[in-house]
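# Examination of the molecular architecture
Each chain, letter by letter, is given below.
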Amino acid sequence: MALTRPCGDFKRSWEADEAVFTTRFSRAALTAFLVVLAFVPLVAGDFWLYLLNLCGIALVGAQGLNILTGFTGQISLGHGAFIGVGAYTAGILATKLGAGPAVALPAAGVAAALVGLLFGLPSLRIKGFYLAMATLAAQFILEYLFMQAAPLTGGAQGLYVERPALFGLAIDSDAKFFYLIMAVAALATAGARNLLRTDVGRCFVAIRDRDIAADLIGVNLFAYKQLAFALSSFYAGIAGGLLAYYVQAINPQAFTVLLSVDYLAMIIIGGLGSVLGATFGAVFITLLPEVLKLTIDAAGSYLPIENIFPALREIIFGLLIVLFLLREPEGLAKLWWDIKAYWKLWPFAY
Amino acid sequence: MRFFLQLVVTGIAVGSIYALIALGFVLIYKSTRIINFAQGELVLIGAFTAFAFLSQAGLPPALALPLTVVVAVVLGFTVERLLLRPMLGEPVIAVIMVTLGLAGILKGSARAIWGSVNRPFPDIFPALSLRLFDVAIPGPFLWGCLIAGACLVAFTLFFRFSTWGVTMRAAANHQAAALSIGIDVRRVFALSWAIAAAVAALGGVLLGAINVIDMNLGAIGLKVFPVVILGGLDSIPGAILGGLLIGILENLSGGFIEPWVGGGVKAVAPFVVLLLILLVRPYGLFGTREIERL
């Protein structure tokens, strides 16, 4: 996204402009962050690890939706169902064929990508609201299949997935899952960030900014839109696969249109089209209900508000989305940039 | 044959309520180009407001229903002024997300006020029954048909003859041109939200008369999408015809396909149709075909 740059932040070459790490400090900061992250399981309790794991899974899914909606400008209201396709693929492979995550996770990604390609077909002719409708239809049709293909998916009861073993190492604790999930999340984020710098990423952005103009300068609209759908659903599938292994019980209620809306909220509150934004958004939306719950539990001893928790969650969730869109349309990523720019020039900001 | 007719007739009856709710959606889209994902929640709020006036405050229907409409109109004005007006000219996705956020706020508020339990709705419509092709139509459905029909006629007349109707059509047709001849486009937007909210409240009251009301009433907002895509996003006759067709389709697929492949077909069939229409004829039956220039 066109983030305004602080004064004095100029570049002399394309390479410098396109670099992932603009300064040595930012590279060091990210390395330090990853190192700290690697030691988190040693100090954090199971509850916090559980939350962080959910954040990591949401991050993979959010990066996927960001490729489709943020980079390419195609709205999807079916992301939750694509995640479901991944979860069910991994779940079925694990329970019926006894496949390990080394096989089941990529397979989940591929299966979701194929389904994404299928439901991305209408994007050839339609866009904007109409595409949102087509993906919404995909959401409902897939939900129906999760429920009705009972011999495979277990119907309303769903599936129960055993704890997996990866290359002979049993992944049976939150800490072990933490390393698996964070590794995948880091790969996914690096992939999304670098995709933006390739010719494919450029084509995506060209389509988002003005599809007809992109068509005229020789971008094959259909091929690239389909590619965006496939990549985005691949990410969704991986996220779904991780979710299946981690939460163990999967059923159709977990992949409703509400999940799709949650993911849209993540990338919008984070900042559309920004990889950093999708990261912020995924963490924010995942932690929001938990933080709310803790706050309400704490306040509950003084006020009689415990029984309106679901209502309060809906109201605050809606309010946040609306306020962000009205006040800070470029999301948390923009806030982060503004804070950075402020301190960069402090105390001589002007 | 009798089973078929029964399905068709009840389909028309349900469809007329879909049509009524879709009417509000189309009205907003037509004049403001805003896709309203909160239409179902406006229905929810309308139904519960009527419930509050009728059952909780014990007012007679002749007083409660106009009051409900007034509340809905005020709600429509407020929502437009606070949330949607700042979003004019923003990308489609941002506007869609704002209405999704609005849906959350409305639904959460309703849940906080009235709780998540089923509420029986009082019988307010005088008993009425009709037998058509040897099929009995229940009273509330009949009232739904009548009110939807009345709204259709009223809106057609409103858009053709009243100054406000013509103004709204002008604003919908070309915003800049309407502004240049002195039309207050902002007021048009506010008015269309107010009318849409009022129509949704009526739909909510009708739904309440058919069944009990609960927090899942808002789900009907999603039913609106196949209806408006089929009829054409910006066509009022399209919304009416689309509503009836989707109602019939839903009932027929529920009656004839569901016994073979199991439950849920009734809910998913409209969306299969939606996908097919999008592939073949995205602008629907009566919608304006959009031509895009660089």
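The notes below deal with the structure included here. (Residues numbered from 1 in each chain as written. Chains lettered and ligands numbered in written order. Predicted model: local features only at pLDDT ≥ 70, side-chain atom pairs only at ≥ 80, totals over all residues.)

## Some details on the overall build of chain B
When its secondary structure is counted, chain B shows 11 helices and two strands. Its helices and strands taken in sequence order, chain B reads α-α-α-α-β-β-α-α-α-α-α-α-α from the N to the C terminus. Against the globule reference of 19 Å for 294 residues, chain B gives a C-alpha radius of gyration of 19 Å, in line with a compact fold. Taken over the C-alpha atoms alone, chain B extends approximately 55 × 50 × 35 Å along its principal axes. Residues counted as buried form 52% of the 294 residues belonging to chain B. For chain B, restricting intrachain contacts to residue pairs at least 6 apart in sequence, the fraction spanning at least 24 positions comes to 75%. (Helix = DSSP H or I, 4+ residues; strand = E, 2+ residues; numbered from the N terminus. Rg over C-alpha atoms; globule rule 2.2 N^0.38 Å. Buried ≥ 20, exposed ≤ 12 C-beta atoms within 10 Å, placed from the backbone. Contact = placed C-beta atoms within 7 Å.)

## What about the overall build of chain A?
Counting secondary structure elements, chain A contains 15 helices and four strands. The globule rule puts the C-alpha radius of gyration for 350 residues at 20 Å, and the 21 Å found for chain A is close to it. Dimensions along the principal axes, computed over C-alpha positions, put chain A at roughly 60 × 55 × 45 Å. Within chain A, the proportion of its 350 residues that are buried is 47%. Put simply, 78% of the contacts in chain A that link residues at least 6 apart link residues at least 24 apart.

## Remarks on the interface of chain B and chain A
Think of interface size as the accessible area that goes away when the parts come together; that is how it is often given. Taken together, the 35 residues of chain B in the interface contact 37 residues of chain A. Listing elements by their share of the side of chain B that touches chain A, those giving two or more residues are helix 4 (92-114), helix 9 (220-231) and helix 11 (265-280) of chain B. Taken together, the residues of the side of chain B that touches chain A sort by class into 26 nonpolar, six polar and three charged. (Nonpolar A, V, L, I, M, F, W, Y, C, P; charged D, E, K, R; others polar.)

## Focus: helix 8 (residues 185-210) of chain B
In a regular helix each residue adds 1.5 Å, so 26 residues correspond to 38 Å; helix 8 of chain B covers 38 Å between its end C-alpha atoms and thus fits that length. The buried fraction of helix 8 of chain B amounts to 22 of the 26 residues, a majority that puts the element mostly inside the structure. (Expected span 1.5 Å × (residues − 1).)

## Some remarks on the packing of helix 4 (residues 79-96) of chain A against helix 11 (residues 221-247) of chain A
Residues and elements named next belong to chain A. As a packed pair, helix 4 and helix 11 sit with axes 6 Å apart at the nearest point and diverge in direction by 55°. By the criterion of interaxial angle, the relationship of helix 4 to helix 11 is oblique. Where helix 4 crosses over helix 11, the handedness of that crossing is right-handed. Counting all contacts with helix 4, which are made through His-79, Phe-82, Ile-83, Gly-84, Val-85, Gly-86, Ala-87, Thr-89, Ala-90 and Gly-91, the residues of helix 11 involved are Ser-233, Ala-236, Gly-237, Ile-238, Ala-239, Gly-240, Gly-241, Leu-243, Ala-244 and Tyr-245. Within the contact of helix 4 with helix 11, the residues separate by chemical class into 11 nonpolar, nine polar and no charged. (Axes fitted to C-alpha atoms, helices over the stretch in contact; angles between N-to-C directions. Parallel < 35°, antiparallel > 145°, perpendicular 65-115°, else oblique. Left-handed = near helix turned anticlockwise from the far one by under 90°.)

## Points about the nonpolar core
Ranked by internal contacts, the top residues of the largest apolar core, which has 212 residues, are Met133(A), Ile21(B), Ala22(B) and Leu23(B). Ranked by residue count, the leading element in this core is helix 8 of chain B, at 18 residues. Apart from residues lying up to four places away in sequence, Leu23(B) is in contact with Cys151(B), Phe155(B), Val199(B), Ile236(B) and Ala239(B). (Core = buried A, V, L, I, M, F, W, Y, C linked by C-beta atoms within 7 Å.)

## Description of the environment of Thr89(A)
Residue and element names in this part refer to chain A. Position of Thr-89 relative to the elements: it lies in helix 4. A residue is classified by how many C-beta atoms lie within 10 Å of it, and Thr-89, with 26 of them, is buried. On a C-alpha basis, the gap between Thr-89 and Pro-106 in space is 9.9 Å, while along the polypeptide they are 17 residues apart. Discounting chain neighbours no more than four positions away, the residues touching Thr-89 are Ala-107, Ala-108, Ala-111, Gly-237 and Gly-241.

## Topic: the environment of Gly284(B)
All names here are of chain B. Looking at where Gly-284 falls in the secondary structure, it is placed in the segment after helix 11. When the 23 C-beta atoms within 10 Å are taken as the criterion, Gly-284 is described as buried. Separated by 137 residues in sequence, Gly-284 and Ile-147 place their C-alpha atoms 25 Å apart.

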